[in-house]
Amino acid sequence: MRVEIEVWRQDSPEADGRFETHVVEDATPEMSLLELLDRLNDQLAEGGVEPIQFESDCREGACGACGVTVNDTPHGPVPQTPSCRQHLRAFGPGRGGSPNLDSGSSASANLDLGSLLKLRIEPLRSAAFPVVRDLVVDRSSLDRLIQAGGHVDVTTGTAPDADDLLIGHDDAELALDFAACIGCGACVAACPNGAAHLFAGAKLAHLALLPHGKLERTRRAGAVVDQLDGEFGPCSSYGECVEVCPAGIPLTAVAAVHREKLRAAFRR
Amino acid sequence: MTAAVERPAATRHRPSTFALKQVMAITGVVFVAFTFIHMYGNLKVYWGRQALDGYATWLREVGYPLLPYKSVLWALRITLLVSLVAHVWAAVALWLRGRAARGKHRRRAMPRSMAWGARTMLPGGVWILIFVVVHLLDLTVGLIVAPESWAAQGPDGLIPAYDNLVASFSRPLMAAYYTFTMFVIAFHIWHGWRTLLQDWGITGRRIRVVWATIGALIALAIVLGNAAIPLLVLTGVIA
């Protein structure tokens, strides 16, 4: 199948970016977005053109390294799926790239393979994520949030015996649900306000549920909310972050940001 | 997160975004309460001229003689005015911060987005702000957009709220404007109320559903109670 790719090229953080259009003639429905970019890069390299820079690591949705905006949707048109797990078979023809996932038959049967698939691929967009090069962005603003308070910083002595600190099953499951965040940054890119509440809230909610994390709950809330304030925008409950989150973090994580902050305010 | 681009140190906002969101939330609740009580008072129109005029006059007398004449009314008006200034100021400040944080690349709305409630908050808010001015000129002050027969006091010494209302809504354009605005207000409340869940950190699954339902019901009540009045005036049911 033939895929027309409009892709963002930017030589350096300071340079002005631009879109370039390339065509991959021999794409297959089984290809993931990243494999499509690999194929395109082979083509470019053969032609002596500098390949397109993009980030990837595990390519199985676990690491959070990849992440590009496809047809205006962070990660791509399939909801709650990282770029590496977005396959061409799921993309409808045309710019909208609406996924053909709702049919009973196999998704690929719906795709007219003779037709032209158009994709516009650009970096994750946010003021907090400056472009390093092409599709690679600097997401260290998320690292700084973790440094501010997304960790446990207490001396716990030697490793405790198993079952020393009991955690209820429901709490453990809930904490794990919030801990599922892979730090890809799609929530920030999806947010029309450039907010990182889903990311920060997942961390706050996760650590507030666990015995060691609870010890620093008040300090953490203040530090994380201050850091959010400095580098990210306000939350207006658009909910677009939830739609793109590959880890399925719910909107309650966003509520957890202010829950923790309000709790800290009354504890001073 | 391999490479780091050099950037100036993060700016610390004053007042904090958290504080601004709380201002939005608290003043927003003031307006929801006001709008709901206002709608409840408007229902007097279904009981006829005397009921509505009596209610309008009572609003000025309430608390008297313990409190000065019109004092409760003015206390409420000042509360609303202060809330309005704070709500608009916080909204503009937050909007500017959101635009700055988004960066210069505007992404088109996501195809399957459920976010149109959020997206219409700002234009809806501006629409409501203009409506407040029009509404006050029309039925409270009696200037510019008011009907020709507008009066500050009726022959019976009561506030002629009923006659003023009927005169105003007998103009089809004005009636349509009021009716449409009620939907804008309901939409604004519907999303604003849902946002309170995030602003006040309500994380319980059941209470989130209950809370959102309450907001939707308040919004629905305001539409049903208010938007019907201009339509009933136009159709001659209220005359």
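As the structure is a prediction and not an experimental result, all values here were calculated from the model. (Residues numbered from 1 in each chain as written. Chains lettered and ligands numbered in written order. Predicted model: local features only at pLDDT ≥ 70, side-chain atom pairs only at ≥ 80, totals over all residues. Heavy atoms only, no water.)

1. A look at the overall build of chain B
Part 1 of the reasoning: Looking only at helices and strands, one finds 8 helices and 0 strands in chain B.
Part 2 of the reasoning: Going residue by residue from the N terminus, the α and β elements of chain B occur as α-α-α-α-α-α-α-α.
Part 3 of the reasoning: When the backbone C-alpha atoms are referred to their principal axes, chain B occupies close to 80 × 45 × 40 Å.
Part 4 of the reasoning: Counting across all 239 residues of chain B, residues that qualify as buried make up 41%.
Part 5 of the reasoning: Total accessible area computed for chain B in this model is approximately 13600 Å², and 72% of it derives from carbon and sulfur atoms.
Part 6 of the reasoning: Side chains of chain B give 23 positive and 8 negative charges; the mean places of these two sets differ by 22 Å. (Helix = DSSP H or I, 4+ residues; strand = E, 2+ residues; numbered from the N terminus. Buried < 20%, exposed > 50% of the residue type's maximum accessible area, 1.4 Å probe, protein only. Areas by Shrake-Rupley, 256 points an atom, 1.4 Å probe, with all protein chains shown as cover. Lys, Arg positive; Asp, Glu negative; His and termini not counted. Charge placed at Lys NZ, Arg CZ, Asp CG, Glu CD.)

2. Description of the environment of Tyr55(B)
Residue and element names in this part refer to chain B.
Part 1 of the reasoning: Inspection of the secondary structure assignment puts Tyr55 in helix 2 (residues 49-61).
Part 2 of the reasoning: Counting along the chain gives 14 residues from Tyr55 to Gly41, while the straight-line C-alpha distance between them is 7.5 Å.
Part 3 of the reasoning: Not counting residues within four places of it along the chain, the set of residues in contact with Tyr55 comprises Ile37, Gly41 and Lys44. (Contact = heavy atoms within 4.5 Å.)

3. Looking at a negative patch on the surface
Residue and element names in this part refer to chain A.
Part 1 of the reasoning: A cluster of acidic residues, Asp170, Asp171, Glu173 and Asp177, forms a negative patch at the surface.
Part 2 of the reasoning: Mapping Asp170 onto the fold places it in helix 4 (residues 169-179).
Part 3 of the reasoning: On the accessibility criterion, Asp170 (61% relative accessible area) is exposed. (Patch = residues over 30% accessible without salt bridge, like charges linked within 9 Å, V, L, I, M, F, W, Y side chains within 5 Å. Salt bridge = Lys/Arg side-chain N within 4 Å of Asp/Glu carboxyl O.)

4. Let's talk about the pairing of strand 1 (residues 2-9) of chain A
All names here are of chain A.
Part 1 of the reasoning: Summarising the sheet, strand 1 and strand 5 (residues 116-123) pair through 6 bridges and their orientation is parallel. By the bridge assignment, Glu4 is partnered in strand 5 with Lys118.
Part 2 of the reasoning: Here strand 1 pairs with strand 2 (residues 18-24) via 7 bridges, running antiparallel. Across the sheet, the residue bridging to Arg9 is Arg18, located in strand 2. (Pairing = 2+ DSSP bridges.)

5. Notes on the domain arrangement of chain A
Residues and elements named next belong to chain A.
Part 1 of the reasoning: When cut into domains, chain A gives domain 1 (2-122) and domain 2 (139-267).
Part 2 of the reasoning: On the domain 2 side, the residues contacting the 14 residues of domain 1 number 13 residues.
Part 3 of the reasoning: Taken over both partners, the interface formed by domain 1 and domain 2 buries close to 890 Å², and the fraction arising from carbon and sulfur atoms is 54%.
Part 4 of the reasoning: Here domain 1 and domain 2 share 1 salt bridge between them.
Part 5 of the reasoning: Residue Arg139 pairs with Glu55 through a salt bridge whose shortest N-O separation is 3.1 Å.
Part 6 of the reasoning: Where domain 1 meets domain 2, there are 5 residue pairs in polar contact (both at pLDDT 80 or more). (Domains from an automatic or database assignment. Buried area = accessible area lost by both parts, 1.4 Å probe. Polar contact = N/O pair within 3.5 Å; in protein donor to acceptor, adjacent residues only side chain to side chain.)

6. Re the sheet that holds strand 5 of chain A
Strand pairing in a sheet relies on backbone hydrogen bonds. The paired strands run either parallel or antiparallel.
Residue and element names in this part refer to chain A.
Part 1 of the reasoning: With respect to topology, 5 strands assemble into an open sheet ordered 2-1-5-3-4, the strand pairing being mixed. Two strands lie at the open edges of the sheet, namely strand 2 and strand 4 (73-74), each paired on one side alone.
Part 2 of the reasoning: Sheet strands touched by helix 1 (residues 33-46): strand 1, strand 2, strand 3 (68-70) and strand 5. Its angle to strand 2, the strand with the most contacts, is close to 90°. (Axes fitted to C-alpha atoms, helices over the stretch in contact; angles between N-to-C directions.)

7. Some remarks on the pairing of strand 5 of chain A
Residue and element names in this part refer to chain A.
Part 1 of the reasoning: Across the 8 residues that make up strand 5, a large majority, 6, are buried.
Part 2 of the reasoning: Of the strand pairs in this sheet, strand 3 and strand 5 are connected by 3 bridges, and their pairing is antiparallel. Of the residues in strand 5, the one forming a bridge with Thr69 is Glu122.

8. So, the pattern of salt bridges
Residue and element names in this part refer to chain A.
Part 1 of the reasoning: For the structure shown, the criterion picks out 21 salt bridges over all chains.
Part 2 of the reasoning: With its nearest N and O atoms 4.0 Å apart, the salt bridge here joins Arg39 to Asp42. Linking Arg39 with Asp42, this pair stays in helix 1, spanning 3 residues, or about one helical turn.
Part 3 of the reasoning: The residue Glu50 makes a salt bridge to Arg133 at a minimum N-O spacing of 3.7 Å.

9. Examining the interface of chain A and chain B
Part 1 of the reasoning: Counting from both sides, the interface comprises 59 residues of chain A and, opposite them, 44 residues of chain B.
Part 2 of the reasoning: Interface area for chain A against chain B, summed over the two sides, is near 4300 Å², with a carbon-plus-sulfur share of 54%.
Part 3 of the reasoning: Inspection of the region where chain A meets chain B yields 1 salt bridge.
Part 4 of the reasoning: Of the charged contacts in the structure, one is a salt bridge between Glu240(A) and Arg119(B), with a shortest N-O distance of 2.5 Å.
Part 5 of the reasoning: Inspection of the region where chain A meets chain B yields 13 residue pairs in polar contact (both at pLDDT 80 or more).
Part 6 of the reasoning: Put simply, the parts of the chain that give the side of chain A that touches chain B at least two residues each are strand 4, strand 6 (131-133), helix 3 (140-149), helix 5 (186-190), helix 8 (217-231), helix 9 (240-244) and helix 10 (252-265) of chain A.
Part 7 of the reasoning: Broken down by element, the side of chain A that touches chain B gets its largest block of residues, 8 residues, from helix 10 of chain A.
Part 8 of the reasoning: Residue composition of the side of chain A that touches chain B, by class: 28 nonpolar, 15 polar and 16 charged. (Nonpolar A, V, L, I, M, F, W, Y, C, P; charged D, E, K, R; others polar.)

10. Topic: empty space enclosed by the protein
All names here are of chain A.
Part 1 of the reasoning: Summed over the entire model, instances satisfying the criterion amount to 6 cavities of 30 Å³ or more.
Part 2 of the reasoning: In this structure, the largest cavity occupies an estimated 110 Å³ of space.
Part 3 of the reasoning: Lining the largest cavity are 16 residues, with Cys191, Ala195, Cys235, Gly239 and Cys241 sitting closest to its centre.
Part 4 of the reasoning: Looking at the lining of the largest cavity, the elements with two or more residues in it are helix 5, helix 6 (197-208) and helix 9.
Part 5 of the reasoning: Partitioning the lining of the largest cavity into residue classes produces 11 nonpolar, 4 polar and 1 charged. (1 Å grid on protein atoms, 1.4 Å probe; cavity = no way out; pocket = protein on both sides within 12 Å on 5 of 7 lines; lining within 4 Å. Points joined across faces, edges and corners; volume = space filled by probe spheres on them.)

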